[in-house]
Amino acid sequence: MAIVQNWLPPSEDNYNFIMFWWSLFPLFGSLQWVVSFDGMGKGSIAKSMFNIPGKLAWLTMEVPGATVLLYTIRALTAARGASPEDLPWQNKVLAGLFVTHYAYRAIIYPLVAPSMSDIHVFVWLSAASFQVCNGTCIGAWLAAYGPTTQAEWAASGFSTARFAAGLLLFSAGLAANYFSDEELREIRRSEQRRQERLKKSQGGKGGGTIHRHYELPNNGLFRYILYPHYFFEWVEWLGYWVAGGFAFAPARAFLLNEIFSMLPRAVKGGEWYRQKFGAEKVNKKWIIIPGIY
Ligand SMILES: NC(=O)c1ccc[n+]([C@@H]2O[C@H](COP(=O)([O-])OP(=O)(O)OC[C@H]3O[C@@H](n4cnc5c(N)ncnc54)[C@H](OP(=O)(O)O)[C@@H]3O)[C@@H](O)[C@H]2O)c1
């Protein structure tokens, strides 16, 4: 049963319509170059009635991505009297990769984070809308508007070697993204341990907070780059696009939309690190693209 007739899941015309506007999202993401409002992370607003607690906001804004994708696949295959199990293995693997990423990003990530800054409701709305659009487009392509038989994959120029190369890139990106996230978590966990030791040595008195505790990260890939987690997230979704083939338009749009929304955040973050820890220390690292910037 459709949630919104012809939109969720989308008819083919509406899928093409959404894809057209979705491919213009970089214009929206680029507004961050000229607007100083941030509303999350280092740019979180200290006290605002429009703030949502970080972990709750993150979980609820990211969960729609994989949920909508799974729903869209089920609904569009059912509409032609089939089921997701009838799809070619390529479609199932691509859907599985997407869900694997979001099982981590939407659920595990906020649960294991030692603390997260509040997120403004405007950021929450933009991120949740991003997830719904992305889950809809990728799900619709995998279930109906991309290749849905082996003959259609063959006609689209499918190559096992390219699919494997894409999988390799995706896996390397996911692993490097995870371990870089982990380096940031470790900064706050070790500060927590330091504060507990201090409290113990003072007979249980005192104690601070790790909330919004920042250090210049220097371990793992942070030795060379300030935003390795961003860069490798791009590698991950580049791999996804490569695996599905160059006609996998929603995967291409996802990659571009991520680059256009995350690049200005990383550049502003670089400036934030320079001001907080000094240009001398920060300028020894690339900001986000190793060897280039
Ligand atoms: N932001 C996006 O547009 C976006 C889009 C797609 C995917 N992602 C992925 O989602 C993940 C998180 O993104 P993000 O934009 O939230 O990254 P981020 O600003 O680097 O923050 C990541 C987490 O680490 C903490 N943190 C950041 N810098 C720290 C430091 N120097 N010392 C100690 N703790 C620090 C943050 O705490 P606070 O919350 O308190 O700052 C937050 O919990 C990344 O893996 C990214 O690739 C992000």
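- Per an unreviewed UniProt entry, the protein chain goes by the name 3-oxo-5-alpha-steroid 4-dehydrogenase-domain-containing protein and belongs to Microdochium trichocladiopsis.
- What UniProt states about the protein chain under its Subcellular location (unreviewed entry) heading is, verbatim, "Membrane".
- Under the UniProt heading Sequence similarities (unreviewed entry), the note attached to the protein chain is "Belongs to the steroid 5-alpha reductase family."

## Let's talk about the overall build of the protein chain
Next up, step 1: Helices and strands together make up the secondary structure of the protein chain, namely 10 helices and two strands.
Next up, step 2: Going residue by residue from the N terminus, the α and β elements of the protein chain occur as α-α-β-α-α-β-α-α-α-α-α-α.
Next up, step 3: For the C-alpha atoms alone, the extent of the protein chain along its principal axes is close to 70 × 40 × 40 Å.
Next up, step 4: Across the 293 residues of the protein chain, 34% fall into the buried class.
Next up, step 5: For the protein chain, contacts bridging at least 24 residues in sequence account for 83% of all contacts bridging at least 6.

## Some remarks on the nonpolar core
Inside soluble globular proteins, nonpolar side chains tend to come together where they are buried.
Next up, step 1: In this structure, Phe 98, Ile 138 and Ala 251 are the most contacted members of the largest nonpolar core, which totals 45 residues.
Next up, step 2: Where this core is concerned, the elements lending two or more residues are helix 1 (12-22), helix 3 (54-79), helix 4 (89-112), helix 5 (121-145), helix 7 (160-201), helix 8 (228-244) and helix 9 (249-277).
Next up, step 3: The element best represented in this core is helix 5, accounting for 12 residues.
Next up, step 4: If near-sequence neighbours (up to four positions away) are discounted, Ile 138 is found in contact with Leu 69, Phe 98, Pro 250, Ala 251 and Phe 254.

## Considerations on helix 3
Next up, step 1: Taking 1.5 Å of rise per residue, 26 residues should cover 38 Å, and helix 3 covers 38 Å from first to last C-alpha, within 8% of that figure.
Next up, step 2: The axis of helix 3 is deflected most strongly, by about 25 degrees, at Pro 64.
Next up, step 3: Two residues or fewer past helix 3, Gly 81 is found with a positive phi of approximately 75 degrees.

## Description of the UniProt feature "transmembrane region" (unreviewed entry) in the protein chain
Next up, step 1: Here, the residues flagged by UniProt with the feature "transmembrane region" (unreviewed entry) are residues 15-35, 56-73, 93-112, 119-143 and 163-180.
Next up, step 2: From the first C-alpha to the last, residues 56-73 spans 27 Å; its make-up is 100% helix and 0% strand.
Next up, step 3: Within residues 119-143, the helical portion is 92% and the strand portion 8%, while the C-alpha atoms at the span's ends are 33 Å from each other.

## Quick notes on the site of the ligand
Next up, step 1: Around the ligand there are 23 residues in total, and Gly 41, Ser 117, Leu 184, His 229 and Glu 233 lie nearest to it.
Next up, step 2: Elements supplying a minimum of two residues to the shell around the ligand: helix 7, helix 8 and helix 9.
Next up, step 3: The greatest single-element share of the shell around the ligand, amounting to five residues, is contributed by helix 7.
Next up, step 4: Split by residue class, the shell around the ligand holds eight nonpolar, seven polar and eight charged.

## Focus on the packing of helix 7 against helix 8
Next up, step 1: One can describe the packing of helix 7 onto helix 8 by two numbers: an axis separation of 7 Å at closest approach and a directional angle of 160 degrees. By the angle class used here, helix 7 and helix 8 are roughly antiparallel. The chirality of how helix 7 crosses helix 8 is left-handed.
Next up, step 2: Its residues assigned to classes, the contact of helix 7 with helix 8 shows 16 nonpolar, six polar and four charged.

## Quick look at helix 8
Next up, step 1: Taking 1.5 Å as the rise per residue, helix 8 with 17 residues should run 24 Å; its terminal C-alpha atoms sit 24 Å apart, in good agreement.
Next up, step 2: Taken across its 17 residues, helix 8 has 14 buried, putting it largely inside the fold.

## Points about the packing of helix 8 against helix 9
Next up, step 1: At a minimum axis distance of 9 Å, the contact between helix 8 and helix 9 shows a crossing angle of 170 degrees. By the angle between their directions, the pair helix 8 and helix 9 is classed as roughly antiparallel. Every residue of helix 9 that contacts helix 8 at Tyr 230, Glu 233, Trp 234, Trp 237, Leu 238, Tyr 240, Trp 241 and Gly 244 is listed here: Ala 251, Arg 252, Phe 254, Leu 255, Glu 258, Ile 259, Met 262 and Ala 266.
Next up, step 2: Grouping the constituent residues of the contact of helix 8 with helix 9 by class yields 12 nonpolar, one polar and three charged.

## Quick word on unusual backbone geometry
Next up, step 1: At the junction of Leu 8 and Pro 9, the peptide bond is cis and its omega measures out at 5 degrees in the coordinates.
Next up, step 2: Tracing the backbone shows Pro 9 in the segment before helix 1.
Next up, step 3: Notably, Asn 6 is not glycine yet its phi reads approximately 70 degrees, a positive angle.
Next up, step 4: Mapped onto the elements, Asn 6 comes out in the segment before helix 1.

## Re the environment of Ser 48
Next up, step 1: With respect to the element layout, Ser 48 can be found in the loop between helix 2 (25-29) and strand 1 (51-52).
Next up, step 2: Assessed through the 12 C-beta atoms surrounding it within 10 Å, Ser 48 is described here as exposed.
Next up, step 3: In the structure, Ser 48 is positioned 72 residues away from His 120 in sequence and 7.9 Å away in space, judged by C-alpha atoms.

## What about the environment of Asp 86?
Next up, step 1: Inspection of the secondary structure assignment puts Asp 86 in the loop between helix 3 and helix 4.
Next up, step 2: It is 22 Å that separates the C-alpha atoms of Asp 86 and Ala 164, two residues lying 78 residues apart in sequence.

Each value, and the rule that gives it
- Residues numbered from 1 in each chain as written.
- Predicted model: local features only at pLDDT ≥ 70, side-chain atom pairs only at ≥ 80, totals over all residues.
- UniProt positions renumbered as here; feature names shortened; annotations may be inferred.
- Helix = DSSP H or I, 4+ residues; strand = E, 2+ residues; numbered from the N terminus.
- Buried ≥ 20, exposed ≤ 12 C-beta atoms within 10 Å, placed from the backbone.
- Contact = placed C-beta atoms within 7 Å.
- Core = buried A, V, L, I, M, F, W, Y, C linked by C-beta atoms within 7 Å.
- Expected span 1.5 Å × (residues − 1).
- Bend = angle between axes of the 7 residues up to and from the residue.
- Near = placed C-beta within 6 Å.
- Nonpolar A, V, L, I, M, F, W, Y, C, P; charged D, E, K, R; others polar.
- Axes fitted to C-alpha atoms, helices over the stretch in contact; angles between N-to-C directions.
- Parallel < 35°, antiparallel > 145°, perpendicular 65-115°, else oblique.
- Left-handed = near helix turned anticlockwise from the far one by under 90°.

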